[in-house]
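What follows is the residue order along each chain.
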Amino acid sequence: MTSQPKAQRRRLVVGNWKMNGTREDNSCLLQNILADWPTLVNVDVAICPPFVYIEQVARALSPRELYWGGQSVNPNAPGAYTGEVSAQMLRDLDCRYVIVGHNERRRLQHESDDCVARQFLAAQAEGLTPILCVGESSEQRKQGQALATIGRQLKAVLEVAGLEAFSNAVVAYEPIWAVGTGVTATPEEAAQVHAFIRDQFADVGQSLVILYGGSVKPENAAELFAKPDIDGALLGGASLKAQDFIAICQCAENAGK
Ligand code: 13P
């Protein structure tokens, strides 16, 4: 299994607010985050709010070296797709990232591997960095199908985008059974999958940033980030609490030192 010292890859922490927030809540959360924001040199940090709040987040974060992004994207060119948001629109709002293939979208919005691959391409075509989410259900894990499932999800994108496309992409491993449940994959479980993911990308894998997502908290972040193939986190719940968010970013900053 390949792995290399983390120092050679930049770390990344992304807060996925999911369908949470009001203008007032967001303003309070952003103020609290920025009031105590530490100096970070090893970590990039981004927040992905609901589409309607991207501008609000961008206004707050742009004076600092923090980034923002979308939680999903419609893969089509602008046109008659009521209720959807294009990659061009996200670019227009100066998004750096967009999450594609989050398990909640795959399951609840019935997004197929093929659809996720098209989102990935659409994002890159507009200069956005896709954060491609992959992960198995608890059923698939029990049946010994975790790696096969993730391999299939990665292959669907690799086949259309090619290996080189992953030099401007991030992969996030999110075991479905760990998302929003309070149950985290053990660092060993996560590390095994991260090493497997890196192995799917040949040489490009060495520079690929691979995040872990699923009930990451200040209490378990350091242990996860200590693993050589875990380059950061995709946070749900913890990104809605200023002090937890900051503490996890700080763990990423200190990891491997
Ligand atoms: P939690 O951190 O709430 O488990 O959510 C993880 C996730 O889905 C991030 O996108």
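Our structure's up above, just so we're on the same page.
Residue indices begin from 1 for each chain and proceed along its sequence in written order. The model is predicted, so local features are restricted to residues of pLDDT at least 70 and side-chain atom pairs to those at 80 or more, both for listing and for counting; the totals for chains, interfaces and linings are taken over all residues. Side-chain numbers come from the whole structure's heavy atoms, not from hydrogens or water.

Caption draft 1: Quick peek at the nonpolar core. Nonpolar cores are built from buried Ala, Val, Leu, Ile, Met, Phe, Trp, Tyr and Cys residues. Side-chain atoms within 4.5 Å join them into one set. Classification of residues uses two cut-offs on accessible area relative to the type maximum, computed with a 1.4 Å probe and protein chains only: under 20% is buried, over 50% is exposed, and between them is partly exposed. Trp37, Leu132, Phe166, Ile197, Tyr212, Phe225 and Phe245 are the most contacted members of the largest nonpolar core, which totals 69 residues. Strands are runs of DSSP state E lasting at least 2 residues, helices are runs of H or I lasting at least 4, and numbering of each runs from the N terminus. When residues in this core are grouped by element, the largest group, seven residues, is from helix H10 (residues 242-254). In terms of nonpolar packing, the next biggest core, distinct from the first, is built from 13 residues, Ile131, Cys133, Val170 and Leu211 among them.

Caption draft 2: Representation of the environment of alanine 242. If you trace the backbone, alanine 242 turns up in helix H10. On the basis of relative accessible area, alanine 242 is assigned to the buried category, the value being 10%. Separated by 208 residues in sequence, alanine 242 and leucine 34 place their C-alpha atoms 8.7 Å apart. Any two residues having at least one pair of non-hydrogen atoms within 4.5 Å are treated as being in contact. The contacts of alanine 242, once residues within four sequence positions are left out, are Leu29, Asn32 and Ile33.

Caption draft 3: Seen up close, the site of the ligand. A molecule or strand has a residue near it when one of that residue's heavy atoms lies within 4 Å. The immediate surroundings of the ligand are formed by 13 residues, with Lys18, His102, Gly180, Ser215 and Gly237 found nearest. Within the contact set of the ligand, an oxygen atom lies 3.0 Å away from a side-chain nitrogen or oxygen of asparagine 16. For the ligand, whose accessible area on its own is 310 Å², the fraction buried by protein is 95%. Throughout this entry, Asp, Glu, Lys and Arg are counted as charged residues, while Ala, Val, Leu, Ile, Met, Phe, Trp, Tyr, Cys and Pro are counted as nonpolar. The remaining residues, Gly among them, count as polar. Tallied by class, the residues present in the shell around the ligand amount to four nonpolar, seven polar and two charged. For this analysis, a polar contact is any N or O atom pair within 3.5 Å, provided that within protein one partner can donate a hydrogen and the other can accept it, and provided that sequence-adjacent residues contribute only side-chain to side-chain pairs. Only the protein chains shown count as covering a residue, and every accessible area follows the Shrake-Rupley method with a 1.4 Å probe.

Caption draft 4: Structural context of the packing of helix H9 (residues 218-225) against H10. Axis separation between H9 and H10 bottoms out at 9 Å; the angle between their running directions is 20 degrees. If you check the angle between H9 and H10, you find them roughly parallel. Along this stretch, H9 crosses H10, giving a crossing that reads as right-handed. Between H9, through Pro218, Ala221, Ala222 and Phe225, and H10, the contact on the second element is made entirely by Asp244, Ala247, Ile248, Cys251 and Ala252. Its residues assigned to classes, the contact of H9 with H10 comprises eight nonpolar, no polar and one charged. Structural elements are reduced to axes, namely lines fitted to C-alpha atoms, with helices fitted over the stretch in contact, and the angle between N-to-C directions of any two is expressed from 0 to 180 degrees. Roughly parallel covers angles under 35 degrees, roughly antiparallel covers those over 145, roughly perpendicular covers 65 to 115, and oblique covers all other angles. Here is the rule for handedness: rotate from the far helix to the near one, and if that takes an anticlockwise turn smaller than a right angle the crossing is left-handed, while a clockwise turn gives right-handed.

Caption draft 5: Spatial organisation of the side chain of arginine 106. Looking at where arginine 106 falls in the secondary structure, it is placed in helix H4 (residues 103-108). Residue classification places arginine 106 among the buried residues on the basis of a relative accessible area of 14%. A polar side-chain atom of arginine 106 sits 2.8 Å from the main-chain carbonyl oxygen of cysteine 133.

Caption draft 6: Here's a closer look at the side chain of histidine 194. With respect to the helices and strands, the residue histidine 194 is situated in helix H8 (residues 187-199). Among the residues examined, histidine 194 registers a relative accessible area of 0% and is labelled buried. Residues in contact with histidine 194, not counting those within four places in the same chain, are Tyr173, Ile210, Leu211, Tyr212, Asp229 and Ile230.

Caption draft 7: Main features of the packing of aromatic side chains. Here the aromatic set is Phe, Tyr and Trp, taking the six-membered ring for Trp, and pairing holds for ring centres within 6.5 Å; pairs whose planes are under 30 degrees apart are stacked, those over 60 apart are edge-to-face, and all others are tilted. What the rule picks out here adds up to five aromatic pairs. What links up through ring pairs into an aromatic cluster is the set Phe120, Phe166 and Phe201. Charge over a ring is defined by NZ of Lys or CZ of Arg lying within 6 Å of the ring centre and within 35 degrees of the ring normal. The ring of tyrosine 67 carries the charged tip of arginine 96 above its face, separated from the ring centre by 3.7 Å.

Caption draft 8: Expanded view of the pairing of strand E1 (residues 11-16). Counting buried positions along E1 gives six out of six residues, so the element sits mostly inside the fold. With burial as the criterion, each face of E1 is covered, one bearing Arg11, Val13 and Gly15 and the other bearing Leu12, Val14 and Asn16. Any two strands between which DSSP finds at least two bridges are classified as paired. As defined by bridge partners, E1 adjoins strand E2 (residues 43-48) across six bridges and the pair is classed as parallel. By the bridge assignment for E2, glycine 15 is matched with isoleucine 47. A right-handed crossover is one whose linking path, passing over the helix from the first strand to the second, runs clockwise when the strands point away from the viewer. For the crossover from E1 across helix H1 (residues 23-35) to E2, the handedness is right-handed.

Caption draft 9: Up close: the environment of leucine 240. Within the secondary structure, leucine 240 sits in the loop between strand E8 (232-235) and H10. Taking the C-alpha atoms as reference points, leucine 240 and glutamine 31, separated by 209 residues in sequence, lie 12 Å from one another. With near-sequence residues (within four places) excluded, leucine 240 lies in contact with Trp17, Asn20 and Leu29.

Caption draft 10: Spotlight on the sheet that holds E2. Pairing is parallel around the closed barrel formed by eight strands, whose spatial order is E1-E2-E3-E4-E5-E6-E7-E8. Between one strand axis and the next, the sheet turns through 25 degrees on average, direction left out of account. The sheet contact formed by strand E5 (residues 129-134) and strand E6 (residues 170-173) spans four bridges and is parallel. Its bridge partner being in E6, valine 134 is matched across the sheet by tyrosine 173. Across the sheet, H8 touches E5, E6 and strand E7 (209-213), and the angle it forms with E7 is around 150 degrees.

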